[in-house]
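Listed below, chain by chain, are the residues.
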Amino acid sequence: MPKVAFVVDPLETLNVKKDSSIAMMCAAQRRGWEIQSIRLKDLCWMDGSASAFAQGVTINSVFAETRDPDSLGEGEPWFQVSTEEFSKLSSFEAMFMRKDPPFDMNYIYATYMLNHAQRDGVLVVNDPQSLRDCNEKFYTTEFSELAPAMTVSQRAEVLREFHSEHRDVVYKKLDGMGGTSIFRMRENDPNLNVVIETLTDNESSPIMAQKFVPEIDQGDKRILIVDGEAIPYSLARIPMRGETRGNLAAGARGEVRALTERERFIAEELAPVLVERGLLFVGIDVIGDYLTEINVTCPTCIREIDREHDLDIAGTLMDAISNRL
């Protein structure tokens, strides 16, 4: 029976209706795997080994089977944990890095620990080195032929020239999440300079500028790729009225749709590179015909797509991991 660990936020803080990590735990339990939960602060280096204070996790059996929160009685918890135990990371067959952003130095330090686990033969999802290398916005520059016109710079003159050329531009921080610090600047916008000054912290940090894609009104499509295979449906996150940000955290509504031919093409172009980098679970974002982001740290939207089409995306991921183990 494989023993697997999830490096994750405190379980009681997870959204039982939507969280993708919960879907993965349910899929693991349905396969009879032993599940352990680890927080960032539980990781440590001790006696020459990467280790952790871990708690065993048991999912409510009915909820694990149905993945339906309504299967839980009023006040009934979706999980139980056992007494905390100290374990070497090498004792796990697989580890899932599912800590929510922000992607900060504490996150990076955790990937150093996971590197040691990987060297000891543990399958880490996703690969720790790739988590550090593949910034979710900047990584699109490796596939610039699939992305809208863009530039990355901290120089105000470069960012202004890009706006002068394209006239309708989206500026965003490279470490932003959930739609925060994203600004659309139209032609002759009087706030251009102050937005650039603010986002770059007066030219001390690089940001990304992308040509605005008007098809955002049809949704920012989240496409999940599991071990190089695209799930055939996306979650189109449609901005609320008066907004240009297709983020659920910014009030967008989700609508599940079948992938278009162009979306399948984009996923197929990325798939072999993602697999080569050890990125087994990835969420790419597509607006219109363009790739805009590649999410590798903690991709979401499993539950929304599952519910609409009676899928088991987390189960597909566990099958891919089982094949490797």
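Fair warning: this is a prediction, and the values are worked out from it, not measured in the lab.

J.: Please clarify how the sheet that holds strand 12 (residues 207-211) should be interpreted in this entry.
T.: Sheet strands line up and pair through hydrogen bonds in the backbone, either parallel or antiparallel. Taken together, 4 strands build an open sheet; the order of strands is 9-12-10-11 and the sheet is antiparallel. Two strands bound the open sheet, and with one partner strand each, they are strand 9 (150-153) and strand 11 (182-185). The mean inter-strand angle of the sheet, taken between neighbouring strand axes irrespective of direction, is 20 degrees. Taken together, the 4 bridges between strand 10 (residues 169-173) and strand 11 define a ladder with antiparallel strand orientation. Residue Val170 lies in a different strand from strand 11, and its bridge partner there is Arg184. Sheet contacts for helix 6 (residues 192-200): strand 9, strand 10, strand 11 and strand 12; angle to strand 10, the most-contacted strand, approximately 25 degrees.

J.: How do you make sense of the packing of helix 1 (residues 20-30) against helix 9 (residues 313-324) when you look at a structure like this?
T.: As a packed pair, helix 1 and helix 9 sit with axes 8 Å apart at the nearest point and diverge in direction by 55 degrees. Put simply, helix 1 runs oblique to helix 9. Seen along the crossing, helix 1 lies across helix 9 with a hand that is right-handed. Between helix 1 and helix 9, the contacting residues are Ala23, Met24, Ala27 and Ala28 on the first element and Ala314, Gly315, Leu317 and Met318 on the second. Looking at the contact of helix 1 with helix 9 residue by residue, the class counts come to 7 nonpolar, 1 polar and no charged.

J.: Even after reading the chapter, I still don't get empty space enclosed by the protein, so can you show me in this structure?
T.: Once rolled over the atoms, a probe with the size of a water molecule shows which space is left empty. For the coordinates displayed, the defined rule picks out 1 cavity of 30 Å³ or more. Considered as a void within the structure, the largest cavity measures approximately 60 Å³ in volume. What lines the largest cavity is Met24, Phe96, Met97, Arg98, Val125, Asn126, Phe281, Val296, Thr297, Pro299 and Leu317. A breakdown of the residues in the lining of the largest cavity according to their chemical character gives 8 nonpolar, 2 polar and 1 charged.

J.: Just checking my understanding: could you explain the environment of Asp312 for this structure?
T.: With respect to the helices, strands and loops of the structure, Asp312 is situated in the loop between helix 8 (302-309) and helix 9. Accessibility expressed as a relative area gives 24% for Asp312, which makes it partly exposed. As for Asp312 and Glu229, which are separated by 83 residues in sequence, their C-alpha atoms are 14 Å apart. Ignoring anything within four residues of it in the chain, the contact list for Asp312 reads Arg30, Arg67 and Asp306. There is a polar contact of 2.8 Å between the side chain of Asp312 and the side chain of Arg30.

J.: Got a minute to help me understand the nonpolar core in this structure?
T.: Met24, Ile59, Trp78, Phe96, Leu317, Met318 and Ile321 are the most contacted members of the largest nonpolar core, which totals 40 residues. With sequence-adjacent residues up to four places away left out, Ile321 is seen in contact with Trp33, Ala94, Phe96, Leu123 and Val125.

J.: Which parts of the structure should I look at to understand the packing of aromatic side chains?
T.: The description of an aromatic ring pair uses the distance of the two centres, along with the angle that the planes make with each other. Applying the stated criterion across every chain, the model contains 7 aromatic pairs. Grouped by ring-pair contacts, the aromatic residues Phe63, Trp78 and Phe79 constitute a single cluster. It is Arg184 that lies over the ring of Phe212; its NZ or CZ is 3.6 Å from the centre.

J.: Any chance you could explain the pairing of strand 10 here in plain terms?
T.: Both faces of the sheet carry side chains from a regular strand, because those side chains alternate between them. By the criterion of burial, strand 10 is predominantly enclosed, with 4 of the 5 residues buried. Sheet topology note: the strand 10/strand 12 ladder contains 5 bridges and is antiparallel. Paired with Lys172 across the strands is Met208, a residue of strand 12.

J.: Any chance you could explain the pattern of salt bridges here in plain terms?
T.: Two side chains carrying opposite charge are able to pair once their charged atoms lie near each other. Overall, the coordinates contain 18 salt bridges when judged by the stated rule. Between Arg257 and Glu255 there is a salt bridge whose closest N-O contact spans 3.0 Å. Classification of Arg257 by relative accessible area gives partly exposed; the value is 24%. Note on Glu255: relative accessible area 31%, which makes it partly exposed. Look at the salt bridges and you will find they share partners, linking Arg30, Arg67, Asp306 and Asp312 into a network.

Parameters and conventions
- Residues numbered from 1 in each chain as written.
- Predicted model: local features only at pLDDT ≥ 70, side-chain atom pairs only at ≥ 80, totals over all residues.
- Heavy atoms only, no water.
- Pairing = 2+ DSSP bridges.
- Helix = DSSP H or I, 4+ residues; strand = E, 2+ residues; numbered from the N terminus.
- Axes fitted to C-alpha atoms, helices over the stretch in contact; angles between N-to-C directions.
- Contact = heavy atoms within 4.5 Å.
- Parallel < 35°, antiparallel > 145°, perpendicular 65-115°, else oblique.
- Left-handed = near helix turned anticlockwise from the far one by under 90°.
- Nonpolar A, V, L, I, M, F, W, Y, C, P; charged D, E, K, R; others polar.
- 1 Å grid on protein atoms, 1.4 Å probe; cavity = no way out; pocket = protein on both sides within 12 Å on 5 of 7 lines; lining within 4 Å.
- Points joined across faces, edges and corners; volume = space filled by probe spheres on them.
- Buried < 20%, exposed > 50% of the residue type's maximum accessible area, 1.4 Å probe, protein only.
- Polar contact = N/O pair within 3.5 Å; in protein donor to acceptor, adjacent residues only side chain to side chain.
- Core = buried A, V, L, I, M, F, W, Y, C linked by side-chain atoms within 4.5 Å.
- Phe/Tyr/Trp six-rings, centres within 6.5 Å; stacked < 30°, edge-to-face > 60°.
- Lys NZ or Arg CZ within 6 Å of the ring centre and 35° of its normal.
- Salt bridge = Lys/Arg side-chain N within 4 Å of Asp/Glu carboxyl O.

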